[in-house]
Amino acid sequence: QVQLVESGGGLVQAGGSLSLSCAASGSGFSISVMGWYRQAPGKQRELVAGITSSGSTNYQDSVKGRFTISRDNAKNTVYLQMNSLKPEDTALYYCHAKSGTGVRYWGQGTQVTVSS
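J.: Help me understand the sheet that holds strand β7 (residues 67–72) in this model?
T.: Strand pairing in a sheet takes place through backbone hydrogen bonds and is either antiparallel or parallel in direction. Pairing in this open sheet of 4 strands is antiparallel, and the strands run β1-β3-β8-β7 from one edge to the other. Of all the strands in the sheet, the pair left with one neighbour each is β1 (2–8) and β7. Mean inter-strand twist for the sheet, computed between neighbouring axes without regard to direction, equals 15°.

And the structure:
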């Protein structure tokens, strides 16, 4: 079993920055992909950014150039640096991890609110 513990998030004005982190813990697991999803009120959960264990990344088009995902494999931790935040980035952000066997895990979610 894998537990994902998120930290970061909060309230920021438009144009500001926030950072999120997520640490995976447990025993006997191997994480292949980690990433961040978000869900705004009334909308479906969507992928924000993902990163493989080898460092390959992918981003949602709306965050390219503003958000940066990174990962520390030794610590099983994934980070999301969010710059030039916009009100439309406001959402509940979820950490996601997929094991080498394809099992998916989710964090509890952390709120990001961007005021205009």
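Additional details are given in the paragraphs that follow.
J.: Would you take a moment to explain the nonpolar core for this structure?
T.: Soluble globular proteins: nonpolar side chains tend toward being buried together. By size, the foremost hydrophobic cluster in this structure holds 27 residues, and its most contacted members are Trp-36, Leu-80, Met-82 and Tyr-93. Sorting the residues of this core by element identifies β1, β3 (18–26), β4 (31–39), β5 (46–52), β7, β8 (77–82), β9 (91–99) and β11 (110–115) as the ones contributing at least two each. Non-local contacts of Met-82, meaning those with residues more than four positions away in its chain, are made with Gly-16, Ser-17, Leu-18, Leu-20, Arg-66, Phe-67, Tyr-93 and Val-112.

J.: Sorry, what's going on with the packing of aromatic side chains here?
T.: The description of two aromatic rings rests on the distance between their centres and on the angle between their planes. Enumeration according to the criterion identifies 1 aromatic pair in this entry. Where Tyr-37 meets Trp-106, the ring centres are 5.0 Å apart and the plane angle is 70°; that geometry is what we call edge-to-face. You can see Tyr-37 sitting in strand β4 and its partner Trp-106 sitting in strand β10 (residues 104–106), a full 69 residues away along the chain. A relative accessible area of 36% places Trp-106 in the partly exposed class. Seen from the ring of Tyr-94, Arg-45 lies directly overhead, with NZ or CZ sitting 3.7 Å from the centre.

Rules of the game
- Residues numbered from 1 in each chain as written.
- Predicted model: local features only at pLDDT ≥ 70, side-chain atom pairs only at ≥ 80, totals over all residues.
- Heavy atoms only, no water.
- Pairing = 2+ DSSP bridges.
- Helix = DSSP H or I, 4+ residues; strand = E, 2+ residues; numbered from the N terminus.
- Axes fitted to C-alpha atoms, helices over the stretch in contact; angles between N-to-C directions.
- Core = buried A, V, L, I, M, F, W, Y, C linked by side-chain atoms within 4.5 Å.
- Buried < 20%, exposed > 50% of the residue type's maximum accessible area, 1.4 Å probe, protein only.
- Contact = heavy atoms within 4.5 Å.
- Phe/Tyr/Trp six-rings, centres within 6.5 Å; stacked < 30°, edge-to-face > 60°.
- Lys NZ or Arg CZ within 6 Å of the ring centre and 35° of its normal.

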